[in-house]
Protein chains: 6
Amino acid sequence: MNKVVAFGEIMLRLSTERHLRFGQSQSFVATYGGGEFNVAVSLANYGVEAEFVTRIPDNEIGHCALREMQKMNVGSKNVLLGGDRLGVYFLETGAGNRGSNVVYDRANSAIATVEKGAFDWEKIFEGKTWFHWSGITAAISQNAADECLRAIRIAHKLGLTISCDLNYRSKLWKYGKEPKDVMPEMLKYCHVILGDIDTAYFMLGLDKVAPDYTNEVSLPSLYGKLQEFCPDLKIAATTLRYSVSASHQRIGGVLFDGNKIFTSVVREVHPVVDRVGTGDAFMGGLLYSLISQPNDLQRALNFAVAACCLKHTIVGDYNLATLQEVENSIGGNASGLVSR
Amino acid sequence: MNKVVAFGEIMLRLSTERHLRFGQSQSFVATYGGGEFNVAVSLANYGVEAEFVTRIPDNEIGHCALREMQKMNVGSKNVLLGGDRLGVYFLETGAGNRGSNVVYDRANSAIATVEKGAFDWEKIFEGKTWFHWSGITAAISQNAADECLRAIRIAHKLGLTISCDLNYRSKLWKYGKEPKDVMPEMLKYCHVILGDIDTAYFMLGLDKVAPDYTNEVSLPSLYGKLQEFCPDLKIAATTLRYSVSASHQRIGGVLFDGNKIFTSVVREVHPVVDRVGTGDAFMGGLLYSLISQPNDLQRALNFAVAACCLKHTIVGDYNLATLQEVENSIGGNASGLVSR
Amino acid sequence: MNKVVAFGEIMLRLSTERHLRFGQSQSFVATYGGGEFNVAVSLANYGVEAEFVTRIPDNEIGHCALREMQKMNVGSKNVLLGGDRLGVYFLETGAGNRGSNVVYDRANSAIATVEKGAFDWEKIFEGKTWFHWSGITAAISQNAADECLRAIRIAHKLGLTISCDLNYRSKLWKYGKEPKDVMPEMLKYCHVILGDIDTAYFMLGLDKVAPDYTNEVSLPSLYGKLQEFCPDLKIAATTLRYSVSASHQRIGGVLFDGNKIFTSVVREVHPVVDRVGTGDAFMGGLLYSLISQPNDLQRALNFAVAACCLKHTIVGDYNLATLQEVENSIGGNASGLVSR
Amino acid sequence: MNKVVAFGEIMLRLSTERHLRFGQSQSFVATYGGGEFNVAVSLANYGVEAEFVTRIPDNEIGHCALREMQKMNVGSKNVLLGGDRLGVYFLETGAGNRGSNVVYDRANSAIATVEKGAFDWEKIFEGKTWFHWSGITAAISQNAADECLRAIRIAHKLGLTISCDLNYRSKLWKYGKEPKDVMPEMLKYCHVILGDIDTAYFMLGLDKVAPDYTNEVSLPSLYGKLQEFCPDLKIAATTLRYSVSASHQRIGGVLFDGNKIFTSVVREVHPVVDRVGTGDAFMGGLLYSLISQPNDLQRALNFAVAACCLKHTIVGDYNLATLQEVENSIGGNASGLVSR
Amino acid sequence: MNKVVAFGEIMLRLSTERHLRFGQSQSFVATYGGGEFNVAVSLANYGVEAEFVTRIPDNEIGHCALREMQKMNVGSKNVLLGGDRLGVYFLETGAGNRGSNVVYDRANSAIATVEKGAFDWEKIFEGKTWFHWSGITAAISQNAADECLRAIRIAHKLGLTISCDLNYRSKLWKYGKEPKDVMPEMLKYCHVILGDIDTAYFMLGLDKVAPDYTNEVSLPSLYGKLQEFCPDLKIAATTLRYSVSASHQRIGGVLFDGNKIFTSVVREVHPVVDRVGTGDAFMGGLLYSLISQPNDLQRALNFAVAACCLKHTIVGDYNLATLQEVENSIGGNASGLVSR
Amino acid sequence: MNKVVAFGEIMLRLSTERHLRFGQSQSFVATYGGGEFNVAVSLANYGVEAEFVTRIPDNEIGHCALREMQKMNVGSKNVLLGGDRLGVYFLETGAGNRGSNVVYDRANSAIATVEKGAFDWEKIFEGKTWFHWSGITAAISQNAADECLRAIRIAHKLGLTISCDLNYRSKLWKYGKEPKDVMPEMLKYCHVILGDIDTAYFMLGLDKVAPDYTNEVSLPSLYGKLQEFCPDLKIAATTLRYSVSASHQRIGGVLFDGNKIFTSVVREVHPVVDRVGTGDAFMGGLLYSLISQPNDLQRALNFAVAACCLKHTIVGDYNLATLQEVENSIGGNASGLVSR
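Values in this document were obtained by computation on a predicted structure and should not be read as measured data. (Residues numbered from 1 in each chain as written. Chains lettered and ligands numbered in written order. Predicted model: local features only at pLDDT ≥ 70, side-chain atom pairs only at ≥ 80, totals over all residues.)

(A) Molecular detail of the overall build of chain A. Looking only at helices and strands, chain A has 12 helices and 15 strands in total. Relative to its length of 340 residues, chain A is compact, with a C-alpha radius of gyration of 19 Å against a globular reference of 20 Å. For chain A, the C-alpha atoms occupy an extent of roughly 50 × 50 × 40 Å along the three principal directions. By the burial criterion, 60% of the 340 residues in chain A qualify as buried. Counting only contacts in chain A whose residues sit at least 6 apart along the sequence, the fraction spanning at least 24 positions is 70%. (Helix = DSSP H or I, 4+ residues; strand = E, 2+ residues; numbered from the N terminus. Rg over C-alpha atoms; globule rule 2.2 N^0.38 Å. Buried ≥ 20, exposed ≤ 12 C-beta atoms within 10 Å, placed from the backbone. Contact = placed C-beta atoms within 7 Å.)

(B) Geometry of the sheet that holds strand S3 (residues 27-33) of chain C. Pairing in this open sheet of eight strands is mixed, and the strands run S8(C)-S7(C)-S2(C)-S3(C)-S3(D)-S2(D)-S7(D)-S8(D) from one edge to the other. The sheet is open, and its two borders are formed by strand S8 (101-105) of chain C together with strand S8 (101-105) of chain D, each paired with just one other strand. This sheet shows a mean twist of 30° between the axes of neighbouring strands, independent of strand direction. In terms of strand pairing, strand S2 (residues 11-15) of chain C meets strand S7 (residues 88-92) of chain C through four bridges, oriented parallel. Counterpart to C:Ser15 in the pairing with S7(C) is C:Leu91. (Pairing = 2+ DSSP bridges. Axes fitted to C-alpha atoms, helices over the stretch in contact; angles between N-to-C directions.)

(C) Summary view of the UniProt feature "domain: Carbohydrate kinase PfkB" (unreviewed entry) in chain A. When the UniProt feature table is mapped to this numbering, "domain: Carbohydrate kinase PfkB" (unreviewed entry) covers residues 1-208 and 271-311 of chain A. Here residues 271-311 of chain A is 73% helix and 0% strand, with 12 Å between the C-alpha atoms at its ends. (UniProt positions renumbered as here; feature names shortened; annotations may be inferred.)

(D) Here's a closer look at the relation of the copies chain A and chain C. Overlaying chain A on chain C yields an RMSD of 0.0 Å, the required transformation being a rotation through 120° with an accompanying axial translation of 0.0 Å. One copy is carried onto the other by what is essentially a three-fold rotation axis. Different-surface contact between copies: only 4% of interface residues of chain A are shared with the interface of chain C. (Least-squares fit on C-alpha atoms with pLDDT ≥ 70 in both.)

(E) Molecular detail of the interface of chain A and chain C. Each partner contributes to the interface: chain A provides 24 residues, whereas chain C provides 20 residues. Of all the secondary structure elements, the ones that give two or more residues to the side of chain A that touches chain C are strand S8 (101-105) and strand S12 (235-245) of chain A. If you tally residues by element for the side of chain A that touches chain C, the top one is S12(A), at three residues.

(F) Just the relation of the copies chain B and chain E, in detail. Superposing chain B onto chain E requires a rotation of 180° together with a translation of 0.0 Å along the rotation axis, leaving an RMSD of 0.0 Å. Each copy turns onto its partner about a two-fold axis. By C-alpha distance to the rotation axis, the residue of chain B lying nearest is B:Phe28, at 2.6 Å. Same-surface contact between copies: 100% of interface residues of chain B are shared with the interface of chain E.

(G) Representation of the interface of chain B and chain E within the structure. Contacts between chain B and chain E engage 23 residues on the former and 23 residues on the latter. Sorting the residues of the side of chain B that touches chain E by element identifies strand S3 (27-33), helix H2 (60-71) and strand S8 (101-105) of chain B as the ones contributing at least two each. Ranked by residues supplied to the side of chain B that touches chain E, first place goes to H2(B) with five residues. Looking at the side of chain B that touches chain E residue by residue, the class counts come to 10 nonpolar, eight polar and five charged. One ladder, built from three bridges, connects S3(B) with strand S3 (residues 27-33) of chain E; its direction is antiparallel. When the bridges of S3(E) are listed, B:Phe28 appears paired with E:Phe28. (Nonpolar A, V, L, I, M, F, W, Y, C, P; charged D, E, K, R; others polar.)

(H) View of unusual backbone geometry. Residues and elements named next belong to chain C. Each neighbour pair has its own omega, and for His270 with Pro271 the value is 5°, a cis peptide bond. Structurally, Pro271 is set in the loop between strand S15 (267-269) and helix H9 (278-292). For Asn73, which is not glycine, the phi torsion reads 65° and is therefore positive. As for its placement among the helices and strands, Asn73 is situated in the loop between helix H2 (60-71) and strand S6 (80-81).

(I) Molecular detail of the pairing of strand S13 (residues 248-256) of chain D. All names here are of chain D. Counting buried positions along S13 yields eight of nine residues, so the element is predominantly enclosed. Connecting the antiparallel pair strand S12 (residues 235-245) and S13 is a turn made up of two residues. As paired elements, S13 and strand S15 (residues 267-269) share three bridges and run antiparallel to each other. Its bridge partner being in S15, Gln249 is matched across the sheet by Val269. Hairpin connection of S13 to strand S14 (residues 261-263): four residues between the antiparallel strands, including Gly258 at a positive phi of 100°.

(J) Fine view of the pairing of strand S10 (residues 161-165) of chain C. Residues and elements named next belong to chain C. Of all the five residues making up S10, five are buried; the element is thus mostly covered by neighbouring parts of the structure. Alternating residues of S10 divide into Thr161, Ser163 and Asp165 and Ile162 and Cys164, and every residue in both groups is buried. In this structure, strand S9 (residues 130-134) lies alongside S10, joined through five bridges in parallel fashion. Looking at S10, one finds that His132 is bridged to Ser163. Here S10 runs beside strand S11 (residues 192-194); their pairing, made up of three bridges, is parallel. If you follow Ser163 over to S11, its bridge partner there is Val192. Remark: the S10/helix H6 (residues 179-187)/S11 crossover connection has right-handed handedness. (Right-handed = clockwise from strand over helix to strand, strands pointing away.)

(K) Focus on the packing of helix H10 (residues 278-292) of chain E against helix H11 (residues 297-311) of chain E. All names here are of chain E. The N-to-C vectors of H10 and H11 enclose an angle of 150°; their axes lie 7 Å apart at closest approach. As H10 packs across H11, the resulting crossing turns out to be right-handed. Touching Thr278, Ala281, Phe282, Gly284, Gly285, Leu286, Tyr288, Ser289 and Leu290 of H10 are Arg299, Ala300, Phe303, Ala304, Ala306, Ala307, Cys308 and Lys311, all from H11. (Left-handed = near helix turned anticlockwise from the far one by under 90°.)

(L) Seen up close, the sheet that holds strand S3 (residues 27-33) of chain F. Within the open sheet, the eight strands sit side by side as S8(A)-S7(A)-S2(A)-S3(A)-S3(F)-S2(F)-S7(F)-S8(F). Their pairing is mixed. Both outer strands of the open sheet, S8 of chain A together with strand S8 (101-105) of chain F, are each paired with one neighbouring strand and no more. Adjacent strand axes in the sheet meet at a mean angle of 30°, parallel and antiparallel pairs treated alike. Across five bridges, strand S7 (residues 88-92) of chain A lies against S8(A) in antiparallel orientation. Within S8(A), the position partnered with A:Tyr89 by the bridge is A:Tyr104.

(M) Examining helix H6 (residues 179-187) of chain D more closely. Residues and elements named next belong to chain D. Three or more residues of H6 are buried, namely Pro179, Val182, Met183, Met186 and Leu187. Seen end-on, H6 carries its buried residues on one side only, within an arc spanning 115°. Contacts from the buried residues of H6 go to helix H4 (135-140), helix H5 (142-157), strand S10 (161-165), strand S11 (192-194), helix H7 (197-204) and helix H8 (219-229). (Arc of directions from axis to C-beta.)

(N) Focus on the confidence of the model for chain A. On average, chain A scores 95 in pLDDT, and the residues at 70 or more come to 98%. As scored by the predictor, the complex reaches a pTM of 0.96 and an ipTM of 0.94. (pLDDT = per-residue confidence, 0-100.)

(O) Just the environment of B:Tyr89, in detail. Residues and elements named next belong to chain B. For Tyr89, the position within the fold is in strand S7 (residues 88-92). Judged by C-beta crowding, with 20 C-beta atoms within 10 Å, Tyr89 ranks as buried. Taking the C-alpha atoms as reference points, Tyr89 and Val102, separated by 13 residues in sequence, lie 6.8 Å from one another. Setting aside chain neighbours within four positions, we find Tyr89 in contact with Met11, Arg13, Val102, Val103, Tyr104, Asp105 and Arg106.

(P) Spotlight on the nonpolar core. Within the largest apolar cluster, 720 residues are counted, with the highest numbers of intra-cluster contacts made by A:Ile193, B:Ile193, C:Ile193, D:Ile193, E:Ile193 and F:Ile193. Ignoring anything within four residues of it in the chain, the contact list for B:Ile193 reads B:Cys164, B:Leu166, B:Leu187, B:Ala200, B:Leu226, B:Cys230, B:Leu233 and B:Ala236. (Core = buried A, V, L, I, M, F, W, Y, C linked by C-beta atoms within 7 Å.)

(Q) Layout of helix H10 (residues 297-311) of chain C. The terminal C-alpha atoms of H10(C) lie 21 Å apart, and with 15 residues this matches the ideal 21 Å at 1.5 Å per residue to within 8%. With respect to burial, H10(C) is a largely interior element, 13 of its 15 residues being buried. (Expected span 1.5 Å × (residues − 1).)

(R) Structural context of the environment of F:Phe90. Examined against the element boundaries, F:Phe90 turns out to sit in strand S7 (residues 88-92). It is 8.1 Å that separates the C-alpha atoms of F:Phe90 and F:Asn101, two residues lying 11 residues apart in sequence. Residues within four places of F:Phe90 in sequence aside, it is in contact with A:Ile61, F:Leu14, F:Phe22, F:Val103 and F:Asp105.

Next comes the structure, spelled out in structure tokens:
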């Protein structure tokens, strides 16, 4: 079985309840999450051995994040203690035609201020087969981007499969670099990329195109372009999201294996209990399926879409749907019957 | 006015809030309910004198259940104190394409371990005209099934009208009997049965059929078959439920009076606040209407459907819609205007 | 910039949570609001200087209401302390086909028992340009209606623009007068009226008509009739509300400027987080737009509709949507994307 | 066994949690209680048949109060529906050297506006042996005082034992009468009075004295004076309360039977979970003990003190300590061991 | 470093909040704990490798217990999945002179119904040096007692140090055996016993004595008697608890090493936030100190007392005080200064 | 009447509830406060015109802080919008012998990164008479210290009275300076200093002494030493705090006017609801009393001590006790009677 290492940030999330606005809320619900950690939790839930590598401050709030990793059965033995603070983000959960709102307070977090070379990647990757990172780590600081690139190169040298979720966040990227300055070198070792074409082209510094995701004829050449930058690329995939309202989404997906476009049905998600982390749930489902049934790419896409849809019903950053639940959902049992 | 006795189990229900999964929840909302008790509460709310007969442990948790009966104005004077524990069930409330999940912890409850003959049914039924039970009581233990059959026979002997909700629960029936071993003898004294044809045939040991509930021609013979087993059967009815998702249901009903099929319109229920007990709300509405306006079976069906729909908006096991609210709803006022 | 004075009542609102019914709720969420105050909050949020004039009791509950005004940046320097109690209303929030329910407990409130002449309107209106009141103040007591009429006449004399939300509440009007006894004299000084034609005609004592709000041909003469009673009337407008269920509304609007009918698109609102105060949000949006861009009546209507829709997603009586959010929503961005 | 009727008001109590001040609290805990009702609950808990007579409004908030009576097993069959509102009081729970604060909002409640003669006391008292009322009912309105006096006279005529808790509240008595105008006539039929000498003398219009409750020699003549006004008086008793802080009380009691002074030990109460209703718990304990063991007045006093102390640990207006718990406490088991 | 295995039951604890009584509480706080598990958590918190062996049901509630073990860094790899239910206990937290109340609902739990021989103890004990069990496991069922005895014998054979907390619970021991029938054989392999002399003598079938824990002269012979039954006994210790009230305890300890009596100072604990598990915190502190500094028995006792005191301030069954906090507390820093 | 300007930081405070430890808490209570802001709130509550000057980020969390200032009636018109984040601190509330724990996360806050000269102090001080700052502002960053010194010098030049709370926090002072490098220059313009002698000497770089606060003979010379550094010093005062436990404090105070030592009685505070901000409450009370009754220094000290004691019973950073409540408390009414 594959053994996965994910690298990135785990944050304290502070969210309002009952659709309250920030200014109304006398309390915040505290959970812990982050794009790459969320993927690791999905994998652990599906039975894949997953470890998360990050740096957290050696204070009580950092220890809370560590307890969360343990609780979710995600390996934490290479987590570094140090730095000044755990990154924080505030979330106001929208409804109907009022979208959710995120206020980031993650600058100068323990992982953003990590010194280059802080992690012993050769040792971390011993016995591991897969490395997962995301564009967020590249966005938060030069230090984090540098260390991530080190990890990618070492993973590549050691023969691990490398996956990346592009995860563009316009409110980040504050340290003086643009994605196109950083991402191409990082992406060039990747085997699996999650992200829509617009984001991929933007991060690679390519001209903007207007992809039509319903056109399975034009998509191969658009996706194929990525392989010029990422010679090892095997799989490119993206979530398709139609946002009717903050409470009502339609979710599908597209996957390209270098030759062929796979598409999923588009599913209704209504209501949305928690929108955050649904892309990570897609990524987690995709990786699980690529790991467990690498030759069935249609299933991989369907699994990813089903996992993504179920995540919308779950509070917090990461997906708590079980393997059985995702599989039942693929099989058509998404009508919400009571199990009793 | 009729006076109704219901017999069965009242449980402590422990449910998660805000769609949290079990593994996320640091607290449980505690309410009390059970199929037959829920029917009694509906009747009491509509102004029918209703009594609930059960056995609860003589400890603080049992006393909570007793206070609940009192609060809801359901007679409790024949409740026995004894046994070791109150049955418990855990409820995780789903949303969208994630269904709700029930974990039963009701084995060895006070009523499941009741000794045969523990209740003085002749005395209990004095001055009463109606006896209601359900297939759950037959499912939880041999003792409960035996005592329920005793009650049915005495009720029959004393001339009470007898109603049953078939209520098949696959996670129960653990004591070595199958429904077809137990239910035929219990059902044969019934005047009113609630349940779909598949469940009824299954419990009676008949071969599976594939009823088309939109076909009012074929239904009479399918329902008519029940009368071979239940010679006193006057009314058979069922909820029709189309589950779009855990948050969106479509609800209708069918009623058969031995001759004719009555059908209701199908109504939209969106969102679902609480799915549990909606069948009991249907049963409660049906019994109330059969008791108060026995000759208007179309109204009985419409009342039951409206009550069932309203229950979906109410937290807890039993229906708190008032008589006026159900009647307004039948009359078309279901568009949720503010009353002010 | 205009400076607005609103006059009316601020109440303590006690609402159940999680769609609980009154009889289930062991606690009430406490917020503060009232039709005219809600309009003042909207204006303050959009950057208009707004003051609220009322009377509150000099006890801790009254002081809470005062703190709320301060918090929302609504001027409170002319609030009188006195009287026995703050008005209260209880709110049970419905869902689906169960409507919300309001129980008023506002009789004998501080403002309802205010003595005529208690406010020094000449002083209050110094430097102000706009006066807003509503039909609720006319409904709660003779004293409040008398003082409101005094304010209207003084405002008129001093040349302020006067706006009124008709706000008919059948559970009020308990002091022996009917709307037609009181409202015509009060309305005759108004420049802006919010309310549907049926309500306007009813309050003016006119015969009931059956307006077809989709018919832009017949509407002008129906609205035009109002100008016979209100010679200064410049703008009459109304929210159009189609209530699919307590959780699903369709919202549009109509505006008449004496010559022409303006209509908005009808927008979907689903789910409804809080139905109360959505009319006040419409009024607040309308006033803001009339004040800031008096010549663009189509924008005024669109702004009012967008504000009204957003309010449905916000807990409490008043609208917390920001100017930017309403403008984004008019511009088509109502699909609830996460801002991050 | 004695059968007790209590007459008075049941209110909605809205209290802040976690020692929050009114201005900080976004919610209120809702419970129901009132001096005389609290006594009835105590009696019902100890196994005495108790009924509460009052008037509540026929709205959802009134129905909540009715459900509370049912839940607590207090008879409610003579409760009248009518009037405009349920009385409300707001409670801010203090701590340490900050005392609790009550804001009354009970004017014009259903019982305060009851019409004289509304209750059929002859019928209500059939089969009953004891009537309990308190000085609060005399304080809230002329109507309530009048009807209470009617009840007292009829009870006296029918031979019931009559008890009164003087319960002086300076924030009430707003309708133009002073206690000395009303109370003497009401008290003259009483057999049992609870209240300290200062209050009793004040209500009877006597000159102020400075009783020394540790002086068992001087007390008999002070208490004896009451018998001149209340010829049937058998028992006068009072709680002795030494308030170290809002969180720390010392509680004892004194009882006079016309001849002899009985005193109890003074017990430490720390912390105080809920101070309200502790006097009613004393009264409830006293009545229970006088009813069940009328000849053991020392036990009656000890029972009342123990009940009063236990109430300080219980949230809400009324005492939920069981008979067994109070008896254990008298017996010295007040050291708070875990029962497991 | 020592590696510890603890064996026993982990339960779902359902407790009321804010000192509410069971009958008032609409929700329960859900935590997980149990005597032996609590000891394992203490050890893990102090940095000792600790594993917990038990059996939990393979349902969502059982999985919650497993997540709790993971979160607390307690080894769970030998936990068996099986059986019908997780044991439950209900806790009503007292205050002042009202003690806390426990209602057990743990019969037929997964561990109580474990089959003899279910655990592979030889494998479990590989590389381990210490085995901890308690009298609760002996009390819940014959099966659990049998398997515990198997574990003890194997542990003894393999040379592990064996510790036991006597933990007498009168509400358990329902399966037909008395402690003296079971415990002597189990205790005879123990090296460390926690429990007062009365309990030890009772469990060993000895005549009751009246130990005076302040008399360091008489104690050695009383404790010495235990060594006749437990030939390997090295340490016997007990918590000394003086219960002023449910909110105020005085805590000390006594330790006997076969020769000498060690005593601690008695410390004030006020308020008591959570009384449950304070004995387990003592045991956890004692074991940690015996493991880390085996030759300093005075420190071991002081550490155990300080840990026990700190646990009284912590919600839940187990102790979350850190090693540093306990050491600071021993050093005299128990005056509750803010750390900032 | 004096008009006060306070300068410093307002933070978001995130605290656990019910004495939960950080690792247990799934939510945080969100309040806003900070040493100097808390003083401003106290003054506003007592009726003094108070303004708070700070810098907050122009995001939703910053706006929450602004709303809080408005709500508390503290002037905010000179607050600057800018910077990246609002300072945060986490608070775990202790009990008994477990102290509260603060985790600061305030580095790089908007005020810590303010540029020198950002505030127009001449304009801010127009019409004002008093300037208050604290040692925390000196501790958080060089920028904040520099700007604070600018403000002090300008205030001094303009003739305002200047007060300082020394407020030493060992977890701050991270920017490379020690108090003695910064504070002497800042303190030399002060008229009123709050802080114990040890802290004052430490900040001024003097040798440590061991003051005996019960010795009114030796204190004058110890305090007198301060005047060598602070030539304008009129009043030096300090809280005397004896911490029995986190839940039990004894509070007194000492004041020196250059000639004479004033001492207060020492008062019991039990329980402690919220320890944070009690020093600020002392300062707020002291300033109020110095402003309103400048010649009665004994009253000033008594008022400060009473305010400080009352603050211990109030949740949040600042004191919500009213002027009347503090005055009642000074007058001896601190026994926590119910006001009703």
